[in-house]
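Listed here are the chains, written in short residue letters.
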Amino acid sequence: MNERYFVDERVGMVAIRDRFHPEYDKERSGLNSQMPDVFISWAGTQVSVICKECGHTKYKEWRVDPAVVKIAENMCAELNGKDPK
Ligand SMILES: [Zn+2]
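Structure report, in brief. Going along each chain's sequence as written, the residues are numbered from 1 onward. Confidence filtering applies because this is a predicted model: local features only for residues at pLDDT of at least 70, side-chain atom pairs given and counted only at 80 or more, and all residues used for totals across whole chains, interfaces and linings.

## Points about the overall build of the chain
Counting secondary structure elements, the chain contains one helix and five strands. Helix and strand definitions here come from DSSP, where helices need a minimum of 4 consecutive H or I residues and strands a minimum of 2 consecutive E residues; each element is numbered from the N-terminal end. Across the chain, helices and strands are ordered from the amino to the carboxyl terminus as β-β-β-β-β-α. The globule rule used here is 2.2 Å times the number of residues to the 0.38 power, and the radius of gyration it is set against is calculated over C-alpha atoms. Its C-alpha atoms give the chain a radius of gyration of 16 Å, more than 25% over the compact-globule value 12 Å for 85 residues. Its C-alpha atoms give the chain principal-axis dimensions of roughly 50 × 30 × 20 Å. Backbone-placed C-beta atoms define the burial measure: a residue is buried with 20 or more other C-beta atoms within 10 Å of its own, exposed with 12 or fewer, and partly exposed in between. Relative to its full complement of 85 residues, the chain shows a buried share of 8%. Think of it this way: build a C-beta for each residue from its backbone, and any pair within 7 Å is a contact. By sequence separation, contacts in the chain at least 24 residues apart represent 40% of the contacts at least 6 residues apart.

In structure tokens, the structure reads:
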């Protein structure tokens, strides 16, 4: 089903994009807040991934809070004229 707005969730970012935007590009592989078809976006936070053996920081990664994803999904449903879940 191709509704106007859809949630685009990536590593470290979630956005609502507009398929009807004149500059919407479904082939675009990246996602950032400056893209013209991004209606609204939320950046994740950087989280340290800790080594279980010795407790050192192995690496850091960007994560989006699941609560934020839920907000995005509900807002997207409303934008498409549906009741949020
Ligand atoms: Zn370690």
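## Some points on the sheet that holds strand β2 (residues 13-18)
The pairing of strands in a sheet comes from backbone hydrogen bonds and takes either a parallel or an antiparallel form. DSSP calls a pair of strands paired once it identifies at least 2 bridges connecting them. What the three strands build is an open sheet, ordered β1-β2-β3; its pairing is antiparallel. Either end of the sheet is taken by a strand with one partner, and the two such strands are β1 (5-10) and β3 (38-43). Across the sheet, the axes of successive neighbouring strands diverge by a mean angle of 15°, strand direction being ignored. Between the N-to-C directions of two axes lies an angle of 0 to 180 degrees, each axis being a line fitted to C-alpha atoms and, for a helix, fitted only over the stretch in contact.

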